[in-house]
Amino acid sequence: MVKNTGRPGYLQIADDLRAQIRGGSLEPGSPLPSTAKLAEQYGASLSVVKLAVGVLRTEGLVIGQQGKGVFVRDTDDPQAAGDELADLRATVHDLSVRLAKVEEQLATSTTPRPGRSSR
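The numbering scheme is per chain: residues are counted from 1 as the chain's sequence reads. A pLDDT threshold of at least 70 governs which residues receive local features in this predicted model, and a stricter bar of 80 or more applies before side-chain atom pairs are shown or counted, although totals over entire chains, interfaces and linings include all residues. The basis for every side-chain value is the complete set of heavy atoms in the structure, and neither hydrogens nor water enter the calculation.

## A look at helix H1 (residues 9-23)
Given a rise of 1.5 Å per residue, 15 residues ought to cover 21 Å, and the 21 Å separating the end C-alpha atoms of H1 matches this to within 8%. For H1, the elements touching its buried residues are helix H2 (35-42), helix H3 (46-58), strand E1 (62-65) and strand E2 (69-72). The helix count covers DSSP runs of H or I at least four residues long, the strand count covers runs of E at least two residues long, and both are numbered beginning at the N terminus. Backbone geometry just after H1 places Gly24 at a positive phi near 95 degrees. Each helix should span, by expectation, one fewer than its residue count multiplied by 1.5 Å. The contact criterion used is simple: two residues touch if any of their non-hydrogen atoms lie within 4.5 Å.

See below:
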């Protein structure tokens, strides 16, 4: 239950979930309860629970899988960290290629055309 301590509710929830993860009651690979269940459990809104889970994601304690849920991440697994790094590198490479194409299109589309004056 979120308490009126002056500390934001999402941080209280994140603190509790973090303690459960570090204490072992939420083991690596296990799913977090659904957002709706967490909201009911903590007496908080869905948006507050989503913020709390976002904090844990930022800290690298949990990882989301589209359409499956949010799972406790195995922080001792170097393979998981390597996979994330490989994913980031692939994404950066893809964005670089796309940016180069856009820059090329802009360069060719901004060349002055005959009969037009530039201001």
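Back to the write-up after that little detour.
## Brief notes about the pairing of E1
Relative to E2, E1 runs antiparallel, the two being bridged by four bridges. Residue Gly64 lies in a different strand from E2, and its bridge partner there is Val70. Two strands are said to pair when DSSP picks up at least two bridges between them.

## Side note on the side chain of Gln12
For Gln12, the location among the structural elements is in helix H1. Relative accessibility decides the category of a residue: with a 1.4 Å probe and only protein chains considered, values under 20% of the type maximum give buried, values over 50% give exposed, and everything between is partly exposed. Classification of Gln12 as buried rests on a relative accessible area of 15%. Residues in contact with Gln12, not counting those within four places in the same chain, are Val2, Lys3, Thr5 and Arg7.

## Here we look at the pattern of salt bridges
A pair is scored as a salt bridge if a Lys or Arg side-chain nitrogen falls within 4 Å of a carboxyl oxygen belonging to Asp or Glu. All told, the structure shown has four salt bridges when counted by the stated rule. The shortest N-O distance in the salt bridge between Arg18 and Glu59 comes to 2.9 Å. Note that Arg18 is positioned in helix H1 and Glu59 in the loop between H3 and E1, a separation of 41 residues in sequence. The network of salt bridges with common partners includes Arg7, Asp15, Arg18 and Glu59.

## Describing the confidence of the model for the chain
Overall, the predicted model of the chain reaches an average pLDDT of 85, with 82% of residues at or above 70. In the model of the chain, helix H4 (residues 78-109) stands out as the element of lowest mean pLDDT, 76, in contrast to H2, which has the highest, 96. Scored between 0 and 100, pLDDT is the confidence that the predictor attaches to each residue.

## What about a nonpolar patch on the surface?
On the surface, Leu99, Val102 and Leu106 cluster together into a nonpolar patch covering about 270 Å² of accessible area. When you line up the elements, Leu106 lands in helix H4. The patches described consist of residues with a relative accessible area above 30% and no salt bridge, like charges being joined within 9 Å and nonpolar side chains (Val, Leu, Ile, Met, Phe, Trp, Tyr) within 5 Å. Here the open area of atoms and residues is found with the Shrake-Rupley method and a 1.4 Å probe, where only the protein chains shown may cover a residue.

## A look at the environment of Arg73
Considering the arrangement of structural elements, one finds Arg73 in the loop between E2 and H4. In the structure, Arg73 is positioned 43 residues away from Ser30 in sequence and 8.3 Å away in space, judged by C-alpha atoms.

## Looking at the packing of H2 against H3
A fitted line through C-alpha atoms serves as each axis, taken over the contacting stretch for helices, and the angle formed by two N-to-C directions is quoted from 0 to 180°. Viewed as axis vectors pointing N to C, H2 and H3 meet at an angle of 105 degrees, and their least axial separation amounts to 9 Å. As the angle between them shows, H2 and H3 are arranged roughly perpendicular. Contacts between H2 and H3 pair Thr35, Ala36, Leu38 and Ala39 from the former with Leu46, Val49, Lys50 and Val53 from the latter. The residue makeup of the contact of H2 with H3, split by class, is six nonpolar, one polar and one charged. We call two directions roughly parallel when the angle between them is under 35 degrees, roughly antiparallel when it is over 145, roughly perpendicular when it lies between 65 and 115, and oblique otherwise. In the scheme used here, Gly and all other residues not listed as nonpolar or charged are polar, with Ala, Val, Leu, Ile, Met, Phe, Trp, Tyr, Cys and Pro taken as nonpolar and Asp, Glu, Lys and Arg as charged.

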